[in-house]
Amino acid sequence: MMTWQRFCDPRRVPPEPLPTVVSDTGAGDDDAHLRSADAGAVAATGGTIRLQTRIAGLLLSLGSTVVIVRYLSKAEFGQLSLIIALVTIVSGITDLGLSAVGIREWIRRDGDERRELLADLLGLKLVAIGLGAVGAIIFAIAVGYGHTVVVGTVFALVGTVFNAVQAALMVPLIAQLRQAMVGLLELLSVAVQAILQVVVVLAGGGVIPLAAAMIPAGLAALLAIMLVLRGQLPWPRFRTARLRALLRESAAFAAAGAVSVVYLRAAVLLGPAFLTPGEFGSFSVAFRAVEPLTMLPSVLTGALFPLLTHAAIHDRLRLSRGYDMLWRSTATLGAFGAAAVIGIAPLMTLVFTGRRDDVTIDAFVLLGCALGSLFVGAAGMWMLLAERRYRAVLGINVLALSCNVALTVVAGEWLGPRWFAIGIVASELMIALAADRICRQGLRESGHPTPTGPAAQLAKVLLAMLAALAAFAPTRHLFPLIPFAATCAAAAAVLLGSHAVPTELLAMAREVVRRMLPRGRLAP
């Protein structure tokens with residue numbers, strides 16, 4: 001039986017080597033940005049810019065989705081959602097944990113070793129994505145998704161190969177805190193895909209041409225990163241010994257990443273078995289609208305991952321203080337984000353479908369609650385990765401998958417389509433609580449207790465979400481902007497009135513604004 005003590009046992013991964021002492025000149029200067037006193041502000045500034053590009057991409061994606069929903073039938077949109085879910089799962093599973101592990105290994109190495117690492121990452125990515133693509137096609141045929149889904153998946157997977165290579169090549173940019181450049185590269189792919197899909201659907205194209213639009217989008221992203229890296233661009237290498245070493249390091253996390261990608265989309269994969277095509281289409285509208293938002297917590301907290309990794313190796317006290325601040329900040333942002341998604345549900349449903357669809361609105365509400373929990377869980381998960389607690393990440397995600405599948409089946413059999421997202425809510429909440437408990441216990445056992453416990457902050461953010469739900473219930477049938485204003489105001493009042501917003505978050509926000517102003521000192 002898996003216990004918290006086993007999760008937190010520091011002996012389950014090889015101990016870190018003692019850090020090498022370097023002089024003020026030489027190779028050590030390459031990572032001076034990670035040791036600097038304002039590293040948090042630099043990372044937060046880059047993360048904010050990357051967040052802005054993600055929001056721009058999100059708006060483009062939502063705009064194209066609105067057009068697609070209006071021109072496709074519910075059944076066709078359900079088919080497109082299945083294709084996107086399959087491709088996303090393949091992309092997540094075949095990542096093998098190398099995106100996060102690659103950043104960590106990059107920070108631990110220097111010079112020529114970093115270039116060799118990038119070549120090995122590319123080689124492993126290409127092998128993995130090829131095997132994953134074959135597996136996805138076989139799965140789609142075996143379960144009987146139909147000709148349209150199978151052919152569309154084939155085309156979409158070609159674009160996914162280009163995106164996978166681009167993701168491997170962005171490891172050095174992320175490790176160097178060049179989040180703004182990463183955000184622009186990501187935006188390029190989203191923009192090309194959104195524009196092409198709108199053109200295709202307006203020209204009368206169906207599901208398969210829409211899926212094929214991912215090919216030029218992925219190719220554009222790959223060409224862009226190649227131009228940025230130029231002289232640093234290595235050729236993929238397939239050295240068996242080095243690939244095995246990388247897989248040993250990332251094996252547990254790779255499995256955890258695979259499970260996490262599946263559990264989040266379990267409801268989409270199971271939907272056709274429990275819902276009518278019309279009901280599944282209504283649920284898919286909300287899921288496709290909220291799915292891009294699930295990347296926001298990762299972007300915000302992931303910008304600080306290099307700092308957490310560096311602190312985990314070199315400065316445990318800084319790690320303890322940094323994690324506590326990050327957790328309290330993400331909990332606050334999560335509560336307000338959940339309130340915003342809940343409140344905007346009627347408006348977004350009206351924009352997407354042209355009418356008030358109760359199934360879509362209720363799915364928006366549940367997915368908004370899940371998004372709030374996802375913010376909290378993101379901080380804990382990045383912390384576990386920084387400390388190489390891959391088995392803990394795997395165990396948590398396996399439990400989340402089991403919870404999501406079980407509750408999705410219950411909703412499909414007995415609760416009905418309006419509760420079909422309940423499994424996602426429960427699994428995200430479980431991840432948030434479990435990850436934080438493991439992180440804090442691990443810090444205490446290493447002799448660096450966190451300044452405060454989570455109970456008080458949890459109570460504040462939970463009260464804010466309940467206030468948002470209470471404000472939404474009597475306003476959901478009014479003019480669509482009213483519930484949005486009501487839920488945001490209710491959550492903000494509770495968060496501000498209970499002093500849930502950390503002072504460190506406010507100070508960092510002011511510093512980020514100062515750095516981003518035209519006359520401010522720009523981050524390097």
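See the structure shown above.
Not measured: the values here are computed from a predicted model. Residue positions are counted from 1 within each chain, in the order its sequence is given. Given that this is a predicted model, residues contribute local features only at a pLDDT of at least 70 and side-chain atom pairs are listed and counted only at 80 or more, while totals for whole chains, interfaces and linings are drawn from all residues. Think of the side-chain values as coming from all heavy atoms in the structure, minus any hydrogens and water.

### Examining the pattern of salt bridges
- The salt bridge definition used is simple: a Lys or Arg side-chain nitrogen within 4 Å of an Asp or Glu carboxyl oxygen. The final tally for this structure, using the stated rule, is 11 salt bridges.
- A salt bridge links Arg 440 to Asp 324; the nearest nitrogen and oxygen atoms lie 3.2 Å apart. Taken together, the residues span a long stretch of sequence, with Arg 440 in helix H20 (residues 422-445) and Asp 324 in helix H17 (residues 316-353) at a distance of 116 residues. The pair Arg 440 / Asp 324 is uniform in exposure class, with both members buried.
- What you see here is one network of salt bridges that share partners, running through Asp 324, Arg 328, Asp 436 and Arg 440. Numbered from the N terminus, helices here are DSSP runs of H or I no shorter than four residues, and strands are runs of E no shorter than two. Throughout this description, buried means an accessible area under 20% of the type-specific maximum (1.4 Å probe, protein chains only), exposed means over 50%, and partly exposed covers the range between.

### As for the packing of aromatic side chains
- Only rings of Phe, Tyr and Trp enter the pairing, Trp through its six-membered ring, and a pair is recorded when the two centres are within 6.5 Å. The plane angle decides the type: under 30 degrees is stacked, over 60 is edge-to-face, the rest tilted. Tallied over the entire structure, the rule returns 3 aromatic pairs.
- When the ring of Phe 283 is compared with that of Phe 420, the centres are 5.4 Å apart and the planes differ by 85 degrees; the resulting orientation is edge-to-face. Residue Phe 283 is found in helix H14 (residues 277-290), and its partner Phe 420 is found in the loop between helix H19 (390-415) and H20; the two are separated by 137 residues along the sequence. Judged on exposure class, the residue Phe 283 and its partner Phe 420 are both buried.
- Three or more aromatic residues link up through ring pairs in this structure, and these residues are Phe 283, Phe 287 and Phe 420.
- For a Lys NZ or an Arg CZ to count as sitting over a ring, it must be within 6 Å of the ring centre and within 35 degrees of the ring normal. Seen from the ring of Trp 327, Arg 440 lies directly overhead, with NZ or CZ sitting 4.9 Å from the centre.

### Focus: the environment of Gly 152
- Within the secondary structure layout, Gly 152 lies in helix H7 (residues 147-169).
- On the accessibility criterion, Gly 152 (0% relative accessible area) is buried.
- In this structure the C-alpha to C-alpha distance between Gly 152 and Gly 206, which are 54 residues apart in sequence, comes to 10.0 Å.
- Here a residue-residue contact requires only that any non-hydrogen atoms of the pair lie within 4.5 Å. Once residues within four sequence positions are removed from consideration, Gly 152 is found in contact with Ile 83, Ile 208 and Ala 211.

### Focus: the nonpolar core
- Here, nonpolar core refers to any group of buried Ala, Val, Leu, Ile, Met, Phe, Trp, Tyr and Cys residues whose side-chain atoms link them within 4.5 Å. One finds Leu 169, Ile 225, Phe 283, Phe 352, Phe 364, Leu 384 and Ile 396 to be the most contacted residues of the largest nonpolar core, which totals 135 residues.
- The element contributing the most residues to this core is helix H18 (residues 358-386), with 19 residues.
- Aside from chain neighbours lying at most four places away, what touches Leu 384 is Arg 389, Ala 392, Val 393, Ile 396, Ala 435, Ile 438 and Cys 439.

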